Amino acid sequence: MNILDTTGVAESKAEIQKGIESIVLYTDRTVEELGQELISIQVERNGGSNIEITQGFVSLKRFLLASTFGDDAIGSFPASFPESFKTVAVIELTDGGALVMGANDKLKIALKSLETTKRYVIDGIESPLSSDDVFMYEEKSIPDEQTNYDVNVKNFDILVMDDDANITELNLTHDNGVVTKHSMREIRATTQDIDPVAYVKNNGQVVPSFVGFIQMPLKGIVSINIRKNPGSVIKFFMRKDVELLALGLIK
């Protein structure tokens, strides 16, 4: 079902009252061209606590990179298709079925800071199954002046972080207590090996990763120590581990 289809405006929003499993974002901008665009997704519960899939508005680009790392990839529709899009991203909202919606519950999606000359479309994918296991995302930042900083990541399973020249070293503490030391080059190589197809462009080019960003799995990692030079704010965009959410071990 179509949820949103917009061109020529800087902001757009829509809501539906039917449970869906995934959304699909289409745009005639490449992933690399995405910049200032922001997205907000939440479930407004009638008489209950709302579900913040994103905590307010977040970077659309970082959201796409976090939600498609692993078994998924960002695709596209070539010019020979009835509709050509440079970016097509299927984003799962839940693990294993359509989002459970009560009476008068609403799924609200909003976009802002859009490029007004470009088109942005969002569809919703239905499912014969249902699920309460909702994927949620959280952002953290490492301040400019911090040169040695620890980030607790034990409640998350996917990370998108800035691949910044000021970062000199990453130390990963694993759930068995072992600490491993890595350069950013090593992290990029190993994460590309895990997911060698990140983006298939509509000219047929396959992109293994994205300039300026690192996508990496966090399963089995409890904290990341970052050593860096001052001069950059490093942003972390992470997806909460839905298995831990389902067990009630995190909120």
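Provided above is the structure to which this section pertains.
About the criteria used
- Residues numbered from 1 in each chain as written.
- Predicted model: local features only at pLDDT ≥ 70, side-chain atom pairs only at ≥ 80, totals over all residues.
- Heavy atoms only, no water.
- Phe/Tyr/Trp six-rings, centres within 6.5 Å; stacked < 30°, edge-to-face > 60°.
- Helix = DSSP H or I, 4+ residues; strand = E, 2+ residues; numbered from the N terminus.
- Buried < 20%, exposed > 50% of the residue type's maximum accessible area, 1.4 Å probe, protein only.
- Pairing = 2+ DSSP bridges.
- Axes fitted to C-alpha atoms, helices over the stretch in contact; angles between N-to-C directions.

Draft legend 1. Representation of the packing of aromatic side chains in the model. All told, the structure shown has 7 aromatic pairs when counted by the stated rule. Ring geometry for Phe63 versus Tyr137: centroids 5.0 Å apart, planes at 70°, classification edge-to-face. Residue Phe63 is located in helix α1 (residues 60–68), and its partner Tyr137 is located in strand β13 (residues 137–142); the two are separated by 74 residues in the primary sequence. By relative accessible area, which is 3% here, Tyr137 ends up buried. For the pair Tyr137 and Phe237, a centre-to-centre distance of 5.6 Å together with 15° between the ring planes defines the contact as stacked. In this pair, Tyr137 sits in strand β13 while Phe237 sits in strand β22 (residues 234–240), placing the two residues 100 residues apart along the sequence.

Draft legend 2. Broad picture of the pairing of strand β21 (residues 221–228). Of all 8 residues making up β21, 6 are buried, and the element is well covered by its neighbours. The pairing of strand β14 (residues 148–152) with β21 spans 5 bridges and is antiparallel. Within β21, the position partnered with Tyr149 by the bridge is Ile226. Bridge count for strand β16 (residues 167–174) against β21 is 7 bridges, and the pairing is antiparallel. Counterpart to Asn171 in the pairing with β21 is Asn225.

Draft legend 3. Spotlight on the sheet that holds β13. With respect to topology, 4 strands assemble into an open sheet ordered β13-β22-β15-β20, the strand pairing being antiparallel. Both edges of this open sheet fall to β13 and β20 (213–217), since each of them pairs with a single strand only. Taken pair by pair, the neighbouring strands of this sheet meet at an average axis angle of 20°, ignoring direction. Of the pairings in the sheet, the one linking strand β15 (residues 156–162) to β20 comprises 5 bridges and is antiparallel in character. Note that in β20 the partner of Ile158 across the bridge is Pro217.

Draft legend 4. Local environment of the sheet that holds strand β8 (residues 85–92). Ordered by their spatial adjacency, 5 strands build an open sheet running β1-β11-β3-β8-β7, and the pairing between neighbours is antiparallel. Two strands lie at the open edges of the sheet, namely β1 (2–7) and β7 (75–77), each paired on one side alone. Within this sheet the neighbouring strands show an average axis-to-axis angle of 20°, counted without direction. Where strand β3 (residues 22–27) and strand β11 (residues 119–125) come together, 6 bridges link them in antiparallel fashion. Across the sheet, the residue bridging to Leu25 is Ile122, located in β11.

All quantities given are derived from atomic positions and should not be read as evidence of function.
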